[in-house]
Each structure stands twice: as structure tokens, then as C-alpha cells.
Amino acid sequence: MAGMNGFSHHCSETKVSKTAYKKSLTDSPFSYAQIDMLWDFYVTHTISGGSGLGRSVSDYGWKKDDNKKDGYPALEKELIAKAGLSNNICFIRSTTCKDTLSAMDLSNDEICIEHPRAVLLQKYSTTVDENEKISFSGGGENHVNCLFRHIRNSFAHGNTYFFENGTVLLEDKENSKITAEILIRQKTLLDWIKIIDKDEEYYVLLDACTKCKATEQQKGGI
């Protein structure tokens, strides 16, 4: 079967085996302070609803509605644009995304690690009328919650790959089935915190990504 229409990736970049780059967030190139912040934001206080200590977008000043100025559509637009994912992020309401992953060069061990792109299975519900016509209905999740649910799971389960070129692959699985592959710049993870916590109510990013752990150790930490 073919994947989602309109989503494919072809480039001339040398493909890299992701296996050797699988690292937990703790072992990533981020500084110790950044690691603490990333875990706190994406796992402990996730906006995806997967934590007892989770927060809502409304805690950060965004509206939990479809307002195009300061609701979910506006937030989604900012997040995707900042990550360079416009036209390269595919949300699929299905039981599988394997064909789309293949078309987007995200299904094998060796992949292009230069170009940001993502494929994510989205939770959904359906209704069936008396003519046995099936249609999508409410009760699923929006794109923002879907994205952050998969990021939360990839961090929590250690399915993260940090590449030397500054990109990261976030992988989510349900048993052995892949439910999401998200390739973005490592810096994007910090940029997204700044976008969501726009008034710096909870997090303050100073010179993000400018200090590695080695530098901090030499200076005695921060």
C-alpha cells in the first residue's frame, strides 16, 4: 500500500546508520541544565496529558480552542515553522504509518539525517451511521497534543538518537510497531519551549545550546 499522499523524501545526502547514535537524553550533547529543563518540560510537565503533573497550554497563556490568533492552530503554526517542518510533518489517523515512514526515508536503520521531517500516528475515534458509512469524529487529539505525546514517550523510553550534525531523531513505539519518527534540529527542542512558555513563566533559556557538558565541567558547572 502507498503512504499518505503528498509525503515523500528524496535527497542526495549520504545516509547514516542511526543505531550507533542511540542515546538517552542524559547522554545527549545538551548541558546538564538544559537536560533538566527538557525532561521537566517534555516529560514531567508535558502538555500531552501523559503525566500526573502535566500542564495545559493555557498554563502558558495559550487558549485551548481553535482560535487562529492564540489557540491551537496558531501554536501549531509557530512550532512547525520554527522547526522547518512546513509540508514535511504528516499526522495520520490510522493503525499504521509504515508505508509513509518508508516514503519519508524514516523506516530503515540508514536514513538521511539532514532534512527535518516527521510522521506521527494520531489518536482518533470514528462513528458509523445506519448506512454503514464510517467517518472521523471528536474524541481524538489535536496535532499539538499528538506531537508532544510522541516526544514525551520517546524521551521516557529512551528511543532518542542524537547525531553529530546537530539533529535528533525522536522515535515512539507501541510494542514493536513504530508510531512516530520525528527528525528535527536538537536546538528545536529548546526553541519549542520558548514558543510555548512565551512569557517565561516556568523556563528561562539563556544562550541555549552554547554550552556543552565538557565546558560546564571545566568551569565547575552552572
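Because the structure is a prediction, the values reported are computed rather than measured.

(A) Region of interest: the confidence of the model for the protein chain. Summing up the model confidence of the protein chain, the mean pLDDT is 90 and the portion of residues at 70 or higher is 91%. The model gives residues 214-222 a pLDDT under 50, and that stretch makes nine contacts with residues more than four places away or in other chains.

(B) Structural detail: helix 2 (residues 72-83). End to end, helix 2 covers 17 Å across 12 residues, agreeing with the expected 16 Å (1.5 Å per residue, within 8%). All of the buried residues along helix 2 are Tyr 72, Ala 74, Leu 75, Leu 79, Ile 80 and Ala 83. Elements in contact with the buried residues of helix 2: strand 2 (89-92), helix 4 (143-156), strand 9 (177-185) and helix 5 (186-196). In the segment just after helix 2, Gly 84 is the residue with positive phi, at about 70°.

(C) Seen up close, unusual backbone geometry. With a phi angle near 70°, Asn 87 is a residue other than glycine that sits in the positive phi range. Topologically, Asn 87 is positioned in the loop between helix 2 and strand 2. Taking the relative accessible area as the measure of exposure, Asn 87 reaches 71% and is therefore exposed. Residues other than glycine seldom take positive phi values, yet Asn 175 does so here, at roughly 60°. Looking at where Asn 175 falls in the secondary structure, it is placed in the loop between strand 8 (167-174) and strand 9. For Asn 175, a relative accessible area of 75% corresponds to the exposed category.

(D) Structural detail: the side chain of Thr 188. On the secondary structure map, Thr 188 appears in helix 5. Among all residues touching Thr 188, those that are not within four sequence positions of it are Tyr 42 and Ala 83.

(E) Representation of the packing of helix 4 against helix 5. The interhelical angle for the contact between helix 4 and helix 5, taken along N-to-C directions, is 135°, at an axis separation of 14 Å. When the axes of helix 4 and helix 5 are compared, the pair comes out oblique. Between helix 4 and helix 5 lies a crossing whose hand is left-handed. On helix 5, the residues touching Leu 147, Phe 148, Ile 151 and Phe 155 of helix 4 are Leu 189, Trp 192 and Ile 196. When its residues are assigned to classes, the contact of helix 4 with helix 5 shows seven nonpolar, no polar and no charged.

(F) Just the pattern of salt bridges, in detail. With the rule as written, the count across this model stands at nine salt bridges. Of the charged contacts in the structure, one is a salt bridge between Glu 171 and Lys 18, with a shortest N-O distance of 2.9 Å. On the criterion of sequence distance, the pair formed by Glu 171 in strand 8 and Lys 18 in the loop between strand 1 (16-17) and helix 1 (32-44) is long-range, its members being 153 residues apart. Among the residues examined, Glu 171 registers a relative accessible area of 2% and is labelled buried. Judged by relative accessible area, which is 9%, Lys 18 ranks as buried. A salt bridge links Lys 187 to Asp 191; the shortest N-O distance between them is 2.9 Å.

(G) Summary view of the sheet that holds strand 2. Taken together, the five strands give an open sheet; going across it, the order is 2-4-9-8-7, and neighbouring strands pair in mixed fashion. What marks the edges here is a single partner per strand, and that holds for strand 2 and strand 7 (160-162). Averaged over all adjacent pairs, the angle separating strand axes in this sheet is 15°, with direction ignored.

(H) A look at the pairing of strand 9. Burial analysis of strand 9 places seven of its nine residues in the buried class, which makes it a mostly covered element. Where strand 8 folds back onto strand 9 in an antiparallel hairpin, the turn is made up of two residues, including Asn 175, whose phi is positive at roughly 60°.

(I) Structural view of the packing of aromatic side chains. A complete count under the given rule lists 12 aromatic pairs for this structure. Arranged with centres 4.7 Å apart and planes meeting at 90°, the rings of Phe 41 and Tyr 42 form a pair that is edge-to-face. Accessibility expressed as a relative area gives 2% for Phe 41, which makes it buried. The cationic tip of Lys 198 hangs over the ring face of Trp 62; the distance from NZ or CZ to the ring centre is 4.2 Å.

The rules we used
Residues numbered from 1 in each chain as written. Predicted model: local features only at pLDDT ≥ 70, side-chain atom pairs only at ≥ 80, totals over all residues. Heavy atoms only, no water. pLDDT = per-residue confidence, 0-100. Contact = heavy atoms within 4.5 Å. Helix = DSSP H or I, 4+ residues; strand = E, 2+ residues; numbered from the N terminus. Expected span 1.5 Å × (residues − 1). Buried < 20%, exposed > 50% of the residue type's maximum accessible area, 1.4 Å probe, protein only. Axes fitted to C-alpha atoms, helices over the stretch in contact; angles between N-to-C directions. Parallel < 35°, antiparallel > 145°, perpendicular 65-115°, else oblique. Left-handed = near helix turned anticlockwise from the far one by under 90°. Nonpolar A, V, L, I, M, F, W, Y, C, P; charged D, E, K, R; others polar. Salt bridge = Lys/Arg side-chain N within 4 Å of Asp/Glu carboxyl O. Pairing = 2+ DSSP bridges. Phe/Tyr/Trp six-rings, centres within 6.5 Å; stacked < 30°, edge-to-face > 60°. Lys NZ or Arg CZ within 6 Å of the ring centre and 35° of its normal.

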